[in-house]
Amino acid sequence: MHEWALAEAVISTVSQITEKEQLKEVLEVKIKVGELQQIELDILEFALSQLKTPKLKNVKFNIQTAKAELKCRYCGHKWIFRKEKMNEEIAEAIHFVPEIAHAYVKCPKCGSPDFEILEGRGIWLESIKGAK
Amino acid sequence: MHEWALAEAVISTVSQITEKEQLKEVLEVKIKVGELQQIELDILEFALSQLKTPKLKNVKFNIQTAKAELKCRYCGHKWIFRKEKMNEEIAEAIHFVPEIAHAYVKCPKCGSPDFEILEGRGIWLESIKGAK
Amino acid sequence: MKGVNNVVAVSSGKGGVGKSLIASTLAVILARKGYKVGLFDLDFTSPSTHVILGAEGLQPKEEKGIIPPEVHGIKYMSIVYYSGEHAVPLRGADISNALIELFAITRWNTLDFLIIDMPPGISDATLDIIRFVKKVKFLVVTTPSQLAFETVRKLLDLLSELGINVVGVVENMKMKESQFIKQQVEGRGITFWGETPFDIMVEEAIGNVKKLLTTEFGSILEELVAKNLK
Amino acid sequence: MKGVNNVVAVSSGKGGVGKSLIASTLAVILARKGYKVGLFDLDFTSPSTHVILGAEGLQPKEEKGIIPPEVHGIKYMSIVYYSGEHAVPLRGADISNALIELFAITRWNTLDFLIIDMPPGISDATLDIIRFVKKVKFLVVTTPSQLAFETVRKLLDLLSELGINVVGVVENMKMKESQFIKQQVEGRGITFWGETPFDIMVEEAIGNVKKLLTTEFGSILEELVAKNLK
Ligand SMILES: Nc1ncnc2c1ncn2[C@@H]1O[C@H](COP(=O)(O)OP(=O)(O)O)[C@@H](O)[C@H]1O
Ligand SMILES: Nc1ncnc2c1ncn2[C@@H]1O[C@H](COP(=O)(O)OP(=O)(O)O)[C@@H](O)[C@H]1O
Ligand SMILES: [Mg+2]
Ligand SMILES: [Mg+2]
Ligand SMILES: [Mg+2]
Ligand SMILES: [Mg+2]
Ligand code: NI
Ligand code: NI
Ligand SMILES: [Zn+2]
Ligand SMILES: [Zn+2]
């Protein structure tokens with residue numbers, strides 16, 4: 001349920017940008033959610049709707065998911081992280097701190113924990129549309 | 001004069017690529033040299049010419065320089081590194097280990113040593129042209 | 001972090017000088033004085049505070065974020081809740097991302113003091129704490145050894161140069177009379193908190209906080225806190 | 001690195017256990033036995049070996065690369081040649097880049113042993129040594145303390161899992177009889193090199209290599225080397 005905290009972080013970033021760009025109103029916010037962290041989309045969406053500020057009253061939240069692509073620094077192999085292979089406790093740990101993956105996930109080709117998360121780590125803002 | 005060691009590293013990388021791509025001959029190697037490290041271009045060029053392997057006998061080394069652009073992680077300010085502002089000993093240290101810049105260079109706006117080297121750190125291979 | 005009044009990063013640059021021991025004991029001492037205290041172990045690749053506190057079987061609650069469990073009257077957060085018995089090999093960029101994530105999701109609510117146990121080295125965690133926690137104050141730990149002070153000196157000079165608040169320096173594992181560290185610290189215009197002794201009883205008190213407070217180390221640290229931290 | 005026969009990374013995960021002291025003393029001991037030895041201080045943000053060796057006023061020569069200066073019969077490389085008295089705050093990615101640069105430009109020529117003094121933490125330097133130096137062997141240092149072994153245990157398990165050669169474990173700063181570390185190490189099928197004592201004479205011998213070798217610590221390490229490293 002820490003999706004609320006993540007939603008708060010998104011709203012706070014949107015507010016900062018709104019101020020910096022001097023927007024009167026925000027119309028659309030595109031959010032990407034990486035599969036590594038397995039964020040619950042309906043809770044996230046609900047939290048976002050509850051946390052709307054006045055400038056966000058007509059906003060459309062456009063949430064997309066991105067596959068978690070990992071790349072081994074040791075052997076160069078690239079692969080897609082699949083949560084189905086994880087036990088529940090580990091999946092939960094990665095849910096809170098995606099970097100914890102380095103304690104449990106190994107390169108399927110060479111066994112190294114020294115991989116890079118190319119895309120799909122957590123939650124990030126893709127774009128904002130607004131009116132000045 | 002450690003330009004020789006740098007040239008060796010370039011030649012060794014080129015050889016690896018040549019093998020991987022199964023090239024019969026390498027025709028052009030584009031090298032970028034970042035201004036942070038202040039590599040001496042004529043020595044580098046001489047070293048490269050001396051270290052040519054048979055597959056490199058007709059190669060043209062195309063060496064370009066790139067300004068060293070730094071970006072402060074603390075305040076976001078971007079600036080171009082200028083060696084004229086450094087005393088000789090410090091410039092020499094950065095010449096050998098570009099990261100040593102973090103011991104001596106500070107963000108001109110906020111004074112932080114926590115900056116990123118966006119481009120122009122050392123020496124890197126831009127591209128290779130060859131014949132199969 | 002809005003409700004958090006004081007953030008104290010227990011730091012050194014050097015490893016093994018007693019940062020984790022002092023951070024943990026300091027947190028417990030402040031909690032016993034009646035302050036609301038949090039302890040955050042930021043040494044992600046070699047966390048120790050859970051061993052010192054004997055904090056086992058704890059799990060944070062989820063409630064619109066993460067609520068740190070209470071142990072010995074302090075709100076306590078560590079990556080071991082998630083990594084357990086496993087090594088967590090993290091590159092600097094991962095340490096930075098994990099730090100940002102944990103700061104974003106942890107709900108400390110109101111605290112008088114948030115004590116941060118810093119990793120050794122002058123690297124991502126230190127730079128990020130400086131970057132994100134504008135009100136941070138450093139409590140710097142050294143030992144009498146030249147080897148420790150070689151790095152501590154550099155850290156102190158860097159922090160002064162950056163204009164960051166250093167609340168004081170503790171000289172830990174003191175074994176024999178000497179003024180060298182005190183003079184070096186005060187010569188830089190920084191408060192020398194004092195000395196905590198090398199105390200063989202500490203090792204037996206690891207995991208037992210009550211015992212730790214009754215060691216010579218514990219009681220002297222308590223005096224230093226009473227004298228220096230207001 | 002082609003002419004380098006053995007690469008030994010003195011590592012721990014934990015700080016302050018004596019990695020730098022053991023790496024430096026080990027290098028000197030091997031050089032005195034007639035081996036060609038290099039010592040590379042990879043603890044970029046808190047280097048210590050130059051203080052232990054009393055290596056002052058040295059500068060590497062440039063000759064189609066960097067030739068490490070000789071001190072006490074060993075070829076010695078450290079970032080302090082370039083950073084001097086200054087703190088070097090480096091993020092992990094910078095540590096990684098500096099490490100690659102220094103490996104590329106340093107000319108060790110032929111060596112029987114290259115000893116690497118590793119930083120604490122299980123982070124960029126450790127991962128890069130594993131990545132780039134395929135023939136590396138780890139000599140792991142711990143103290144008798146639960147706090148040190150908490151991290152060392154995780155490092156040993158990680159290294160086994162990765163199939164990396166651990167030449168042995170040294171239990172440093174031993175103060176009283178106990179078998180715990182020995183049992184833990186041997187239970188993992190790893191060679192327990194033995195114990196080096198906590199020795200108050202060490203501090204006075206910092207910077208004076210001859211004196212260091214005559215301390216109890218120095219002579220016992222010499223025995224351990226003779227027994228274990230062939
Ligand atoms: N005052 C002291 N007396 C005796 N042992 C101590 C003292 N302070 C720390 N230690 C011991 O020294 C080691 C390092 O302490 P630790 O708090 O883990 O340091 P750091 O966090 O700086 O790495 C531990 O084994 C700890 O029990
Ligand atoms: N066997 C020993 N006896 C006494 N002091 C020691 C011993 N080993 C290390 N020390 C001291 O402990 C401190 C940490 O040693 P150091 O080699 O810097 O550890 P690390 O490199 O693991 O951080 C130093 O002050 C050093 O002088
Ligand atoms: Mg610690
Ligand atoms: Mg800790
Ligand atoms: Mg060391
Ligand atoms: Mg060192
Ligand atoms: Ni959640
Ligand atoms: Ni040069
Ligand atoms: Zn791999
Ligand atoms: Zn800045």
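These figures come from a predicted structure and were not determined experimentally. (Residues numbered from 1 in each chain as written. Chains lettered and ligands numbered in written order. Predicted model: local features only at pLDDT ≥ 70, side-chain atom pairs only at ≥ 80, totals over all residues. Heavy atoms only, no water.)

Moving on, we come to the interface of chain D and chain A. Many structure descriptions define interface size as the accessible area lost when the parts assemble. Counting residues at the interface gives seven residues for chain D and seven residues for chain A. Linking chain D to chain A there are one salt bridge. In this structure, the salt-bridge partner of lysine 106 of chain A is glutamate 161 of chain D, at a minimum N-O distance of 2.9 Å. There are one residue pair in polar contact (both at pLDDT 80 or more) connecting chain D and chain A. Going through the elements one at a time, α5 (124-132) and α6 (146-161) of chain D are the ones with two or more residues in the side of chain D that touches chain A. In terms of residue count, the dominant contributor to the side of chain D that touches chain A is α5 of chain D (three residues). Residues of the side of chain D that touches chain A, tallied by class, amount to four nonpolar, no polar and three charged. (Contact = heavy atoms within 4.5 Å. Salt bridge = Lys/Arg side-chain N within 4 Å of Asp/Glu carboxyl O. Polar contact = N/O pair within 3.5 Å; in protein donor to acceptor, adjacent residues only side chain to side chain. Helix = DSSP H or I, 4+ residues; strand = E, 2+ residues; numbered from the N terminus. Nonpolar A, V, L, I, M, F, W, Y, C, P; charged D, E, K, R; others polar.)

Residue placement: glutamate 150 of chain D occurs in helix α6. Only 2.7 Å separates the side chain of glutamate 150 of chain D from the side chain of histidine 50 of chain C, close enough to count as a polar contact.

Bringing the domain arrangement of chain A into the picture now. Residues and elements named next belong to chain A. Split by domain assignment, chain A resolves into domain 1 (2-67 + 120-131) and domain 2 (69-118). Relative to domain 2, the C-alpha centre of domain 1 lies at a distance of 26 Å. Listed per partner, the contact involves nine residues of domain 1 and twelve residues of domain 2. Of the roughly 1,100 Å² buried where domain 1 meets domain 2, counting both sides, 61% is carbon and sulfur surface. Viewed at the interface, domain 2 and domain 1 are joined by one salt bridge. Between glutamate 99 and arginine 121 there is a salt bridge; the shortest N-O distance is 2.5 Å. On inspection of domain 1 and its partner domain 2, the count reaches six residue pairs in polar contact (both at pLDDT 80 or more). Looking at side-chain class alone, the side of domain 1 that touches domain 2 contains two nonpolar, three polar and four charged residues. (Domains from an automatic or database assignment. Buried area = accessible area lost by both parts, 1.4 Å probe.)

What follows deals with the sheet that holds strand β4 (residues 78-80) of chain B. All names here are of chain B. Strand order in this open sheet of three strands is β4-β3-β5, and the pairing throughout is antiparallel. The open sheet has two edge strands with one neighbour each: β4 and β5 (115-119). Taking the axes of each pair of neighbouring strands and ignoring which way they run, one obtains an average angle of 30° across the sheet. Summarising the sheet, strand β3 (residues 69-72) and β5 pair through four bridges and their orientation is antiparallel. Bridging across to β5, cysteine 72 finds its partner in phenylalanine 115. (Pairing = 2+ DSSP bridges. Axes fitted to C-alpha atoms, helices over the stretch in contact; angles between N-to-C directions.)

Around ligand 2 sit 19 residues, and of these Lys14 and Ser145 of chain C together with Lys19, Leu21 and Pro197 of chain D come closest. Those residues lying near ligand 2 are distributed over chains C and D. Contact distances for ligand 2 include 2.5 Å between an oxygen atom and a side-chain N or O atom of lysine 14 of chain C. Between ligand 2 and glycine 16 of chain D there is a distance of 2.8 Å, counted from an oxygen atom to a backbone nitrogen or oxygen. When isolated, ligand 2 has an accessible area of 560 Å², and the protein chains bury 92% of it. Listing elements by their share of the shell around ligand 2, those giving two or more residues are α1 (19-32), β9 (166-174) and α8 (201-205) of chain D. Among the elements that make up the shell around ligand 2, the one with the highest residue count is α1 of chain D (three residues). Of the residues in the shell around ligand 2, the class split is nine nonpolar, six polar and four charged. (Near = heavy atom within 4 Å. Areas by Shrake-Rupley, 256 points an atom, 1.4 Å probe, with all protein chains shown as cover.)

This next bit is on the nonpolar core. One finds Tyr82, Ile115 and Ile116 of chain D to be the most contacted residues of the largest nonpolar core, which totals 126 residues. The greatest single-element share of this core, amounting to nine residues, is contributed by α1 of chain D. Three or more residues apiece are contributed to this core by two domains, here domain 1 (2-67 + 120-131) and domain 2 (69-118) of chain B. (Core = buried A, V, L, I, M, F, W, Y, C linked by side-chain atoms within 4.5 Å. Buried < 20%, exposed > 50% of the residue type's maximum accessible area, 1.4 Å probe, protein only.)

Residue and element names in this part refer to chain B. With mixed pairing, three strands are arranged side by side in an open sheet as β2-β1-β6. Every other strand in the sheet has two partners, leaving β2 (60-66) and β6 (123-131) as the edge strands with one partner each. Here the strands of the sheet are splayed against their neighbours by 15° on average, with no regard to which way each runs. Both strand β1 (residues 25-34) and β6 contribute to a ladder of eight bridges, which runs antiparallel. Each bridged residue has a counterpart across the sheet, and for lysine 30 the counterpart in β6 is serine 127. Across the face of the sheet, helix α1 (residues 3-20) comes into contact with β1, β2 and β6 while running at roughly 40° to β6.

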